[in-house]
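Remarks on the overall topology
Given next are the chains, with one letter for each unit.
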Number of protein chains: 2
Amino acid sequence: MTDKGLTLIHNRPFLTNNAPAAMTRPPPPRKTARRTAPPEKRRRQLIEATIRCVAKSGFAETTIATVAREAALSQGIINLHFQSKERLLTETLRHLADEYRAACAEAVASAGTSAEAGLAAMVEVDFNRRICEKKKLAVWFAFWGERKFRPTYRKICAARDKSYDDLVRQLCTAMCEEGGYPDVDAAIVADGLSALTDGLWLDLLVRPDSMSRERARRISMAFLADAFPRHFRSQGGARRPTQRPARR
Amino acid sequence: MTDKGLTLIHNRPFLTNNAPAAMTRPPPPRKTARRTAPPEKRRRQLIEATIRCVAKSGFAETTIATVAREAALSQGIINLHFQSKERLLTETLRHLADEYRAACAEAVASAGTSAEAGLAAMVEVDFNRRICEKKKLAVWFAFWGERKFRPTYRKICAARDKSYDDLVRQLCTAMCEEGGYPDVDAAIVADGLSALTDGLWLDLLVRPDSMSRERARRISMAFLADAFPRHFRSQGGARRPTQRPARR
DNA sequence: ACGCAATGAATGAACGGCCGTTCAGTCGCG
DNA sequence: CGCGACTGAACGGCCGTTCATTCATTGCGT
């Protein structure tokens, strides 16, 4: 309001336009990153900027301004593509959840029909470089701190949890039945494995110097080896590989 | 800044004084319980109000006003007893951490010298009604979401973690040596147990209908039973109690 | 015993800053 | 040239902090 004409407007220091040539040609091969972009791309950019922001400085310091700056775009664009900050956050969470679910489903599917291979694949995914980035862990836990209080977060997280749990329970049940562990309570093992995974994620985030993805994997495999000793023992459990399984 | 003197200062529209009669009468018998209290008590009141607030509506909606209202006191009192909101939160976290550490230390001490009893006592404490209240879990996770980004939170949490880990590692090492498990890697079991506990806490908080303190305890004991089968088997592990431990 | 003054705990309106949202204005693009 | 993606200053509301003022309590003088 008042007179804006005086204030300096739209200084664009870099890359205003370098349109190559033919203006009559309808589709110029789009190489430049910045200008008007298809909405889907903008949304993705913003979601990724949000992840970087939350990972860098936490939920409390993640503002519209911060995210916009991180994305090298203007403040207003967030309300343009998402209607509110809240929705940006929701969509960010959904993005992570979808990514995780897809990775799990694919890993288990490509592991074949053996329950043993399936469980090993789950562990592999959980501590995979792609899924288990520190950046993303930070965002997961930021949301987990609030999920109890925001119905939308709760719904998204609950759906992710359920699909994970169903998968693991199914694998453990199969393991018990086909692997010959009639005396093992599959649900107890399955719930233990998911809790263990969450706990290891937490360690990876907050104590990166005493916990690594390798070590987390090893701890998880040890858990499986102790629960299903005839199947996972070879892959390095809590039992040291240098000694025999020590029936004593 | 500038001159504040000009801005209107302290207009108190209501209740300036409605002293009905005797202005010489000093104490009309106050019915309300609260007036002046020893500072230590006030601090405790405020910390407890903070816990209730965070547990009820989360970190994001916990404001000075909310906490003060919850404590049935005025806004200003928080900055009187703690110098800032930040310090109130810090002290709240420290309160929880101290309480937890004390409970652990006491439990292990009174469990005697046996490593087996010590580990069982740790599990008992972790899912004890006192420590593992839903209210407090909510606060723990609210802080955990931010601990990576606030040095003070990090220090407090790291100290708590360290004392917990030291205890568990020590017990697991003793278990391996004295219990006759030379082929078990104590550090792997110990790290697994702490991660498992954290994960179970998370489940208790966000999925109270599919996880109970009893069940969490059972899963933890199953973990120990699988790691140290000759010691914990009797207390209900993943193996169903209705069948014999199945030594094929 | 008995006020009276001094003390400092407690209050809550006001302030200033920050942040999400809006929207009039600016270009890029076809 | 017109459409619509994009910008960013301005706005309004909220929240942490401050501080002038109130009042319960305590100690002292008489």
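Residues numbered from 1 in each chain as written. Chains lettered and ligands numbered in written order. Predicted model: local features only at pLDDT ≥ 70, side-chain atom pairs only at ≥ 80, totals over all residues. Heavy atoms only, no water.

Our focus in this paragraph is the interface of chain B and chain A. At the interface, 59 residues of chain B touch 58 residues of chain A. With both sides pooled, the region where chain B packs onto chain A buries about 4,700 Å², and carbon together with sulfur makes up 57% of that total. At the surface where chain B touches chain A, the tally comes to 8 salt bridges. Here R218 of chain A and D185 of chain B are joined by a salt bridge, their closest N and O atoms 3.4 Å apart. At the boundary of chain B with chain A, the tally comes to 11 residue pairs in polar contact (both at pLDDT 80 or more). In terms of residue count, the dominant contributor to the side of chain B that touches chain A is helix α8 (residues 186–206) of chain B (14 residues). Broken down by class, the residue content of the side of chain B that touches chain A amounts to 30 nonpolar, 6 polar and 23 charged. (Contact = heavy atoms within 4.5 Å. Buried area = accessible area lost by both parts, 1.4 Å probe. Salt bridge = Lys/Arg side-chain N within 4 Å of Asp/Glu carboxyl O. Polar contact = N/O pair within 3.5 Å; in protein donor to acceptor, adjacent residues only side chain to side chain. Helix = DSSP H or I, 4+ residues; strand = E, 2+ residues; numbered from the N terminus. Nonpolar A, V, L, I, M, F, W, Y, C, P; charged D, E, K, R; others polar.)

A word on the side chain of R160 of chain A. Note on placement: R160 of chain A falls in helix α7 (residues 151–179). Residues contacting R160 of chain A, with those up to four places away along its chain left out, are A97, Y100, R101, W140, W144, D198 and W201 of chain A.

Once that is clear, we can look at the relation of the copies chain B and chain A. Take chain B, turn it by 180 degrees, move it 0.0 Å along the axis, and it overlays chain A with an RMSD of 0.0 Å. Put plainly, the chains are arranged around a two-fold axis. A share of 97% of interface residues in chain B that are also interface residues in chain A marks the association as one of identical surfaces. (Least-squares fit on C-alpha atoms with pLDDT ≥ 70 in both.)

Bringing empty space enclosed by the protein into the picture now. As enumerated under the stated definition, the model contains 8 cavities of 30 Å³ or more in all. Estimated volume of the largest cavity: approximately 70 Å³. Lining of the largest cavity is provided by Y100, D126, R160, D161, Y164, D165, S194, T197, D198 and W201 of chain A together with R207 of chain B. When contributions to the lining of the largest cavity are tallied by element, the ones reaching two or more residues are α7 and α8 (186–206) of chain A. Its residues placed into classes, the lining of the largest cavity shows 3 nonpolar, 2 polar and 6 charged. (1 Å grid on protein atoms, 1.4 Å probe; cavity = no way out; pocket = protein on both sides within 12 Å on 5 of 7 lines; lining within 4 Å. Points joined across faces, edges and corners; volume = space filled by probe spheres on them.)

Residues and elements named next belong to chain A. Of note in the backbone geometry, A72 takes a positive phi value of approximately 55 degrees without being a glycine. Mapped onto the secondary structure, A72 falls in the loop between α2 (64–70) and α3 (76–81). The partly exposed category is assigned to A72, whose relative accessible area is 39%. (Buried < 20%, exposed > 50% of the residue type's maximum accessible area, 1.4 Å probe, protein only.)

Turning our eyes to something else, we now look at the packing of aromatic side chains. Residue and element names in this part refer to chain B. Across all of its chains, the model carries 19 aromatic pairs over all chains by this definition. Taken together, a centroid distance of 5.0 Å and an interplanar angle of 80 degrees make the contact between F143 and Y153 edge-to-face. Of this pair, F143 sits in helix α6 (residues 134–147) while Y153 sits in helix α7 (residues 151–179), and the two are 10 residues apart along the sequence. Taking relative accessible area as the criterion, F143 reaches 1% and is therefore assigned buried. (Phe/Tyr/Trp six-rings, centres within 6.5 Å; stacked < 30°, edge-to-face > 60°.)

If you trace the backbone, A159 of chain A turns up in helix α7. In this structure the C-alpha to C-alpha distance between A159 of chain A and R101 of chain A, which are 58 residues apart in sequence, comes to 9.6 Å.

This next bit is on helix α4 (residues 85–110) of chain B. Every α-helix winds through 3.6 residues per turn, so residues three or four apart in the chain are directed the same way. Between its terminal C-alpha atoms α4 of chain B stretches 38 Å, which fits the 38 Å expected from 26 residues at 1.5 Å a residue. Downstream of α4 of chain B by one or two residues, G112 of chain B has phi in the positive range, about 90 degrees. (Expected span 1.5 Å × (residues − 1).)

All names here are of chain A. Among the secondary structure elements, F82 is positioned in the loop between α3 and α4 (85–110). For F82 and R43, which are 39 residues apart along the polypeptide, the C-alpha to C-alpha distance reads 7.8 Å. Excluding residues within four positions of it along the chain, F82 makes contact with R43, L46, I47, R87, L88 and E91.

Turning to the nonpolar core, a few remarks are in order. Counting 155 residues, the largest nonpolar core has W201 and F228 of chain A together with W201 and F228 of chain B as the members making the most contacts within it. Each residue touching W201 of chain A, except ones within four places of it in the same chain, is listed here: Y100, D126, F127, I131, C132, L137, W140, F141, W144 and R160 of chain A. (Core = buried A, V, L, I, M, F, W, Y, C linked by side-chain atoms within 4.5 Å.)

Moving on: the pattern of salt bridges. Within the structure shown, the criterion is met by 43 salt bridges over all chains. With its nearest N and O atoms 3.0 Å apart, the salt bridge here joins D191 of chain B to R215 of chain A. In this pair, D191 of chain B sits in helix α8 while R215 of chain A sits in helix α9 (residues 213–227), so the two residues belong to two different chains. With relative accessibility at 6%, the residue D191 of chain B sits in the buried group.

Turning to the confidence of the model for chain A, a few remarks are in order. Residue and element names in this part refer to chain A. When pLDDT is averaged across chain A, the result is 84; 80% of the residues are at 70 or more. Low pLDDT (under 50) marks residues 1–34, which in the prediction has 9 contacts with non-local residues, meaning those over four places away or in another chain. This model gives residues 242–248 a pLDDT under 50, and the stretch forms 7 contacts once residues within four places in sequence are excluded. (pLDDT = per-residue confidence, 0-100.)

All names here are of chain A. For the pair α7 and α8, the least separation of the axes is 8 Å and the interaxial angle reads 135 degrees. Taken together, the axes of α7 and α8 lie oblique to each other. Viewed along their axes, α7 and α8 form a crossing whose handedness is right-handed. Contacts between α7 and α8 involve R160, Y164, D165, V168, R169, C172, T173 and C176 from the former and A186, A187, V189, A190, D191, L193, S194, T197, D198 and W201 from the latter. When grouped by side-chain class, the residues that make up the contact of α7 with α8 number 10 nonpolar, 3 polar and 5 charged. (Axes fitted to C-alpha atoms, helices over the stretch in contact; angles between N-to-C directions. Parallel < 35°, antiparallel > 145°, perpendicular 65-115°, else oblique. Left-handed = near helix turned anticlockwise from the far one by under 90°.)

Our focus in this paragraph is helix α9 (residues 213–227) of chain B. The first and last C-alpha atoms of α9 of chain B sit 21 Å apart over 15 residues, in line with the 21 Å expected at 1.5 Å per residue. In terms of burial, α9 of chain B is a largely internal element, 11 of the 15 residues being buried.

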